[in-house]
Amino acid sequence: QHKDAYQVILDGVKGGAKEKRLAAQFIPKFFKHFPELADSAINAQLDLCEDEDVSIRRQAIKELPQFATGDNLPRVADILTQLLQSDDSAEFNLVNNALLSIFKMDAKGTLGGLFSQILQGEDIVRERAIKFLSTKLKTLPEEVMTKEVEEFILTESKKVLEDVTGEEFVLFMKILSGLKSLQTVSGRQQLVELVAEQADLEQTFNPSDTDCVDRLLQCTRQAVPLFSKNVHSTKFVTYFCEHVLPNLSSLTTLVEGLDIQLEVLKLLAEMSSFCGDMEKLESNLKKLFDKLLEYMPLPPEEAENGENAGNEEPKLQFSYVECLLYSFHQLGRKLPDFLTAKLNAEKLKDFKIRLQYFARGLQVYIRQLRLALQGKTGEALKTEENKIKVVALKITNNINVLIKDLFHIPPSYKSTVTLSWKPVQKADASQKRASEDTTSSSPPKKPSAGPKRDARQIYNPPSGKYSSNLGSFSYDQRGGFRGGRGRGWGGRGNRSRGRIY
């Protein structure tokens, strides 16, 4: 009966500032009483959301959730998602709050609006909608984030992952790995398969294509935290052994200051602990062994007078050797007779000579490092120089333990070490997924010197100049993709991130 009066309020959006302010309040207030005017009312409120006067815009946005009833909710969610592109911080916060409030009314409907804009909206809207999901979903209570809602997020995310940039991929992995239903073993397995698909492990590896290299590294970094004794890294370890290791020296990257070879070897080492049954184990172990030999030099030949015939001693690459030796030690457990039965006597003798020479250099270096760090605690260990020495001591001690194992007759694979860049985890019963290499079964007691233990407590993953670069990556790290947004991983889906509107 008051339809005409409501129409007058709707027409107020064409009036002056006062009329618009009143309309912004009264259109939503009486909206539910006039279902036949629903479309006109929403359109009128939208006009106010785009008004030149910022105070009118804010008022109109604040009231938008009142229109989110029944079939109108996905549309309101879609509108609010588009409004995320606002550069006014107060307005942007209002949009966030409005989205969160309709989330609590109908999570799936709200997600429908968000995902439709992620898939078809403009770049700025897509970017902010993804960011909204990655920061806000984890704040929502369990009664909102039901199993059904989480399944919907996974289904829609898979559609988006068909065409993403590296940065977007990292954000989606953050969103998905935060979902409760994907915290299970089968959930993590699903995520690993998603990453493997994204990494395109079926393709031929091109070491000179920076996009191809960066994609593989970025994907592997996302996969590593998901691996455990129940969720295996076999597919990734196989790919690294077969395609990446043989091309290690020709890898290229545009990431400044990154030792790309060391980064690859670190990832391989971390994954090797969780490798399951491998089809071509012997041939992949051989590739790993051959690569290890490249970094384990033979002793320089001595001249007749007993002096070194060469001008200088071979350079020992401790960081590389730690990774390769650790990976070989982990995979060697699966084929313990590799060194004795699969290598000929000459090859084994050559390897032992290399190990012995490396171990000699190692002992000298460990002594020097211990002496340099002796008696230093607290602040003294935090200087850049001492941080590097602490890491160097961890690396050399690790190599020492592994070499001792391989010197056993027959070679042993029993010792366990914590990789030098990994923080030492305290043994905790609640840590179901503590990785194999964090619990020490029988490491030799000798190498664990006082300074090393003190240093471990205060020292996090390294960064410094030791052995080319001890840089360590956080799994959150974005970048490593040319230009971030605006280009993809070489155009998945035939459209290198140009989307269809």
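Within each chain, residue numbers correspond to sequence positions counted from 1 in written order. Residue-level local features of this predicted model are given only where pLDDT is at least 70; pairs of side-chain atoms are given and counted only at 80 or more, and the full residue set underlies all totals for whole chains, interfaces and linings. The basis for the side-chain values is all heavy atoms of the structure; hydrogens and waters are excluded.

A. View of the packing of helix α3 (residues 38-49) against helix α5 (residues 72-83). The axes are straight lines fitted to the C-alpha atoms, using for helices just the contacting stretch, and the angles between their N-to-C directions are given from 0 to 180°. Note on conventions: DSSP H or I runs of at least 4 residues are helices, E runs of at least 2 residues are strands, and numbering of each starts at the N terminus. The geometry of α3 relative to α5 is characterised by a closest axis approach of 12 Å and an angle of 10° between their N-to-C directions. One finds that α3 runs roughly parallel with respect to α5. For the pair α3 and α5, contact is made by Asp39, Ile42, Asn43, Leu46 and Cys49 and by Asn72, Arg75, Ile79 and Leu83, respectively. Throughout, the ten residues Ala, Val, Leu, Ile, Met, Phe, Trp, Tyr, Cys and Pro are labelled nonpolar, Asp, Glu, Lys and Arg are labelled charged, and all others, Gly among them, are labelled polar. Residues of the contact of α3 with α5, tallied by class, amount to five nonpolar, two polar and two charged. Working definition: roughly parallel below 35 degrees, roughly antiparallel above 145 degrees, roughly perpendicular at 65 to 115 degrees, and oblique for all remaining angles. Contact between two residues is taken to exist if any of their heavy atoms lie within 4.5 Å; hydrogens are not considered.

B. Up close: the environment of Ser177. Mapped onto the fold, Ser177 is located in helix α10 (residues 166-177). C-alpha separation for the pair Ser177 and Gly187, spaced 10 residues apart in sequence, amounts to 8.7 Å. Discounting chain neighbours no more than four positions away, the residues touching Ser177 are Gln183 and Leu191. For this analysis, a polar contact is any N or O atom pair within 3.5 Å, provided that within protein one partner can donate a hydrogen and the other can accept it, and provided that sequence-adjacent residues contribute only side-chain to side-chain pairs. Within the local environment of Ser177, its side chain forms a polar contact with the backbone oxygen of Met173, the two atoms lying 2.6 Å apart. Within polar-contact distance, the side chain of Ser177 engages the backbone oxygen of Lys174 at 3.5 Å.

C. Molecular detail of the packing of aromatic side chains. Only the six-membered ring of Trp is used, alongside the rings of Phe and Tyr, when aromatic pairs are assigned; centres must lie within 6.5 Å, and planes under 30 degrees apart are stacked while those over 60 apart are edge-to-face, with the rest tilted. Under the definition given, this model contains 12 aromatic pairs. Arranged with centres 4.5 Å apart and planes meeting at 15°, the rings of Tyr6 and Phe34 form a pair that is stacked. Taken together, the residues span a long stretch of sequence, with Tyr6 in helix α1 (residues 3-11) and Phe34 in the loop between α2 (17-30) and α3 at a distance of 28 residues. Phe34 shares its class with Tyr6; the two are buried. Buried means the residue's accessible area, taken with a 1.4 Å probe over protein chains only, is under 20% of the maximum for its type, while exposed means over 50%, and partly exposed covers the values in between.

D. Representation of helix α11 (residues 185-199) in the model. Over its 15 residues, α11 runs 21 Å from end to end, which matches the ideal 21 Å to within 8%, given 1.5 Å per residue. Inspection of α11 places Gly187, Arg188, Leu191, Val192, Leu194, Val195, Ala196, Gln198 and Ala199 among the buried residues, and these make up the whole buried set. Turning to α11, the residues buried within the fold contact α9 (147-160), α10, α12 (210-223) and α13 (234-244). Directly after α11, the chain includes Asp200, whose backbone phi takes a positive value near 55°. Helix span, as expected, comes to 1.5 Å for every residue beyond the first.

E. Structural context of the packing of α13 against helix α14 (residues 260-272). Between α13 and α14, whose axes approach to 9 Å, the crossing angle comes to 145°. When you trace α13 past α14, the crossing you get is left-handed. Mapping the contact onto sequence places Phe236, Val237, Phe240 and Val244 in α13 and Val264, Leu267, Leu268, Met271 and Ser272 in α14. In the contact of α13 with α14, the residues fall into eight nonpolar, one polar and no charged. Less than a right angle of anticlockwise turn of the near helix away from the far helix marks a crossing as left-handed, whereas a clockwise turn marks it as right-handed.

F. Examining α13 more closely. The buried fraction of α13 amounts to eight of the 11 residues, a majority that puts the element mostly inside the structure. Taken as a whole, α13 has its buried residues at Thr234, Phe236, Val237, Thr238, Tyr239, Phe240, Cys241 and Val244. Against the buried residues of α13 lie α11, α12, α14, α15 (281-294) and α16 (318-332).

G. Representation of the confidence of the model for the protein chain within the structure. Looking at the protein chain, pLDDT values average 83 and 82% of them are 70 or higher. Confidence of the predictor in every single residue is expressed as pLDDT, which spans 0 to 100. For residues 427-488, every residue scores under 50 in pLDDT, and the model assigns this stretch 150 contacts once sequence neighbours within four places are set aside. Predicted confidence for residues 490-501 stays below pLDDT 50, and this span has 34 contacts to residues more than four positions away or in other chains.

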